[in-house]
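Coordinates in review
Chain by chain, the residues:
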Amino acid sequence: GTIPPGERDYLQKVSTRRAHQILTAGGKGELVHLEQGGLGVFTEYVLEALDGSADRDGKGFITFSDIATYSN
């Protein structure tokens, strides 16, 4: 279920729940394009992001949002 944003202690409640987020390169049936070194461009960007490049503000960790908005 969801927690309404106006609920008491909203931030504490939502920050203690487990979440699943998915990042994909495309939709069902789409092919990988522009292969580089055996990996697709999407994979290259994700690996760069996870290697620390997505931490643009220098906070010392990478969030899902950092990865989702990363571009070199």
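Structure's up top.
Residues numbered from 1 in each chain as written. Predicted model: local features only at pLDDT ≥ 70, side-chain atom pairs only at ≥ 80, totals over all residues. Heavy atoms only, no water.

Notes on the pattern of salt bridges
Between side chains of opposite charge, a pair can form when the charged atoms approach closely. If you walk through the whole model with that rule in mind, you get 5 salt bridges. A salt bridge links Lys-13 to Glu-7; its shortest N-O distance comes to 2.6 Å. Classification of Glu-7 as partly exposed rests on a relative accessible area of 34%. The shortest N-O distance in the salt bridge between Arg-8 and Asp-9 comes to 3.9 Å. Arg-8 gets classed as exposed once you look at its relative accessible area, which sits at 69%. Salt bridges sharing common partners tie together Asp-55, Asp-57, Lys-59 and Asp-66. (Salt bridge = Lys/Arg side-chain N within 4 Å of Asp/Glu carboxyl O. Buried < 20%, exposed > 50% of the residue type's maximum accessible area, 1.4 Å probe, protein only.)

Let's talk about the side chain of Asp-55
Along the chain, Asp-55 falls in the loop between α2 (41-53) and α3 (64-69). Engagement of the side chain of Asp-55 in a polar contact is seen with the backbone nitrogen of Gly-58, the distance being 3.2 Å. Not counting chain neighbours up to four residues away, the residues in contact with Asp-55 comprise Gly-60, Phe-61 and Ile-62. (Helix = DSSP H or I, 4+ residues; strand = E, 2+ residues; numbered from the N terminus. Polar contact = N/O pair within 3.5 Å; in protein donor to acceptor, adjacent residues only side chain to side chain. Contact = heavy atoms within 4.5 Å.)

Quick word on the packing of aromatic side chains
Going through the model one piece at a time under the given rule, you end up with 1 aromatic pair. Ring centres of Tyr-45 and Tyr-70 lie 6.1 Å apart, and the angle between their planes is 65°; on these two criteria the pair is classed as edge-to-face. One end of the pair, Tyr-45, is in helix α2; the other, Tyr-70, is in the segment after α3, and 25 residues separate them in sequence. For Tyr-45, a relative accessible area of 30% puts it in the partly exposed group. By relative accessible area, Tyr-70 is classed as buried at 11%. Lys-59 extends its terminal NZ or CZ atom over the ring of Phe-61, reaching a point 5.3 Å from the ring centre. (Phe/Tyr/Trp six-rings, centres within 6.5 Å; stacked < 30°, edge-to-face > 60°. Lys NZ or Arg CZ within 6 Å of the ring centre and 35° of its normal.)

What to know about a nonpolar patch on the surface
A contiguous nonpolar surface patch, about 260 Å² in accessible area, is contributed by Leu-39, Leu-47 and Leu-50. Its location among the elements puts Leu-50 in helix α2. (Patch = residues over 30% accessible without salt bridge, like charges linked within 9 Å, V, L, I, M, F, W, Y side chains within 5 Å. Areas by Shrake-Rupley, 256 points an atom, 1.4 Å probe, with all protein chains shown as cover.)

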